[in-house]
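Read off the chains here:
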There are 2 protein chains.
Amino acid sequence: MEYEANRRVEASARTFAILERLCEVDSAGVSALAADLEMSKGIVHNHLSTLRELGYVRKLGDDYQLTPRLLGQGLRARSNARLHRYAADLCSEVAAHLTTGVVLCQHAADDCTVVDAAGLPSGADLGVGTTLPLTESLVGLVTLIAGSADEPPADAGTAYDSAGIRANLDADGYATGPLSPDHGGCVAAPILDADGDCHGSVGVVLPAGEQARQRVTEATASLRDRIEARFDSGWADERSFATEKHSWVG
Amino acid sequence: MEYEANRRVEASARTFAILERLCEVDSAGVSALAADLEMSKGIVHNHLSTLRELGYVRKLGDDYQLTPRLLGQGLRARSNARLHRYAADLCSEVAAHLTTGVVLCQHAADDCTVVDAAGLPSGADLGVGTTLPLTESLVGLVTLIAGSADEPPADAGTAYDSAGIRANLDADGYATGPLSPDHGGCVAAPILDADGDCHGSVGVVLPAGEQARQRVTEATASLRDRIEARFDSGWADERSFATEKHSWVG
DNA sequence: GACAGTCGTTCTATAAAATAGAACACTACT
DNA sequence: AGTAGTGTTCTATTTTATAGAACGACTGTC
């Protein structure tokens, strides 16, 4: 218990608290941040100066504001992750072919994040960067179940039938149900590599109509297979390398 | 001098160094990071644990990897910035109308970052998230010049004619030249608000041909005017609010 | 024109916490 | 078995982050 408290770097946690707060409010002054986060003005100023020195924050008049640096790093992190590299183009392809929505979600500790989206209407609240709860969304739940041998604890109180989903995953490798409490039906399939590690999931929106259901489930299973095949083969992505290096001159 | 050194939060700087390193290499272990950053293994482990607790990093086997959390925050930060909210749709519009590339760049301390791009070929190295140097790119230089009354220091050694660009900005509100050493010609216009603060710039790619030049410069000036008009009026963006709140059900 | 209420910034003594470095547990390969 | 690698734990020491008050500048109001 003594060590657990000691190994956490408090100063960094404070810096991130400030950064996250700035992310919510766009622009704020030292006093407002200090009041919101219950920190002294002097300390907030020190952390903001540090963030500014590192290029994550800039000053506009007397207010501080995030720079787009996080965006660049976030996109770079996504490009580094195999899930996005292997699956993004296939998801677009399926979305276009089925004329429905497809989301690619990456599993994280406490939630899952949409890293690619295709075929969604422009007003959708499922765009890239959206985070969904692990236990309260189908795309999250399938990653949780596929990633661990034991099913989610009963106290999680999920609205889904965990045992049923597990059975569906064991049988078919996908599950069907509402994408989240706020969204309609979808078919969700976890993406596993050869070691059995779960990298995330794909969710394909289910249009109304019973014959669409079969087309979508088949397409989802095929999509999953093609993505996992790339994981297994350590896909060399020659194509993306070829285009990535191409310097563009207008 | 004593205070300057004291107000920087070293622990946070170390955490960000680890985070940035992870961003470059996708996935790495404690020892590798410690060696690269010349830190002790124990310390790297503490910082990684903190980042993991905060949800920015996850563990895959013995390696650590960034989560997509930065992506979500980066996109949210972009949505909060007025530059993106006011200018993104107009840039797309102009790109479609002229059938050329348009980039929207946000000014930061040491560089400028592409926060929106439209009409660029798929292999372009100018996508969202790209950072360009302030003095070695036209889109950066116009923000630098427009943002400060005095011209950039001579020792910056820019390949551009700063005085000439300043004259062009004073006269027309835009400048013409190579977008960067790696790219072709463009017309770049800084975006200023009513207080004279520079928020960034737009860069419109210049296709070959002399009559295209005039069309593009006129379109750029018009684009700048329309964006700045939204800054001046504190554009209420009813439209984006209306669509943003619309929960989408498949 | 002085006043009160802001703001961001600076400063310093004190207490808290980050750190280095060695030891530990575990795995893989020889 | 042995060696070399990993991530992790631990502790004593010193660095350093912190609270809180004072400062200077600015913006209104009376």
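Computed from a prediction, not measured in an experiment: that's the story for all the values here. The residue numbers shown here count from 1 along each chain, following its written sequence. In the order they appear in the text, chains get letters beginning with A and ligands get numbers beginning with 1. Side-chain atom pairs in this predicted model are given and counted only at pLDDT of 80 or more, local residue features only at pLDDT of at least 70, and totals for whole chains, interfaces and linings cover all residues. Based on all heavy atoms of the structure, the side-chain values leave hydrogens and waters out of the count.

Asks: Mind laying out the sheet that holds strand β2 (residues 57-60) of chain B, listing which residues take part and the relevant values?
Replies: Residue and element names in this part refer to chain B. At least two DSSP bridges between two strands are required for those strands to pair. Going along the chain from the N terminus, every DSSP run of H or I of four or more residues is numbered as a helix, and every run of E of two or more is numbered as a strand. Overall, antiparallel pairing links the 3 strands, which are arranged β1-β3-β2 in an open sheet. Strand pairing shows two members of the sheet lacking a second neighbour, β1 (27-28) and β2, which therefore form its edges. Sheet topology note: the β1/strand β3 (residues 63-66) ladder contains 2 bridges and is antiparallel. Note on β3: the bridge partner recorded for A28 is Y64. The contact rule is simple, with two residues in contact once any of their heavy atoms fall within 4.5 Å. Helix axes are fitted to C-alpha atoms over the stretch in contact, other axes to C-alpha atoms as well, and angles between N-to-C directions run from 0 to 180 degrees. Where helix α2 (residues 10-25) meets the sheet, its contacts fall on β1, β2 and β3, and the angle it forms with β3 comes to roughly 90 degrees.

Asks: With reference to specific residues and values, describe the nonpolar core.
Replies: The nonpolar core is taken to be a set of buried Ala, Val, Leu, Ile, Met, Phe, Trp, Tyr and Cys residues, with the residues joined through side-chain atoms within 4.5 Å. Residue burial is assigned from relative accessible area. The probe radius is 1.4 Å, only protein chains are included, and a residue is buried under 20% of its type maximum, exposed over 50%, and partly exposed in between. By size, the foremost hydrophobic cluster in this structure holds 40 residues, and its most contacted members are A:L48 and B:L48. Not counting chain neighbours up to four residues away, the residues in contact with A:L48 comprise A:I18, A:L22, A:V30, A:L33, A:V57 and A:Y64.

Asks: Please provide a residue-by-residue account of unusual backbone geometry, values included.
Replies: Residue and element names in this part refer to chain B. Its identity as a non-glycine residue notwithstanding, D26 has a phi of 70 degrees, on the positive side. Of note, the phi angle at T99 is positive, near 50 degrees, even though the residue is not glycine. Tracing the chain through its elements places T99 in the loop between α6 (82-98) and β4 (102-107). Looking at T99, the relative accessible area reads 68%, which means it is exposed.

Asks: Mind laying out the packing of aromatic side chains, listing which residues take part and the relevant values?
Replies: Note on ring pairs: Phe, Tyr and Trp rings are taken, using the six-membered ring of Trp, and paired if centres are within 6.5 Å. Classes follow the plane angle, with under 30 degrees stacked, over 60 edge-to-face and the rest tilted. Under the criterion given, the structure shown has 5 aromatic pairs over all chains. Here A:Y86 and A:F231 contribute two aromatic rings whose centre-to-centre distance is 4.9 Å and whose plane-to-plane angle is 80 degrees, an arrangement assigned as edge-to-face. With A:Y86 in helix α6 (residues 82-98) and A:F231 in helix α9 (residues 210-233), this residue pair connects regions lying 145 residues apart in the sequence. Given the relative accessible area of 3%, A:Y86 is considered buried. For A:F231, a relative accessible area of 5% translates into the label buried. Each residue in the set A:F16, A:Y56, B:F16 and B:Y56 is aromatic and connected to the rest through ring pairs, giving one cluster. Placement of a positive charge over a ring is assigned whenever Lys NZ or Arg CZ falls within 6 Å of the ring centre and within 35 degrees of the normal to the ring plane. Residue placement shows B:R69 over the ring face of B:Y56; its charged tip is 5.2 Å from the ring centre.

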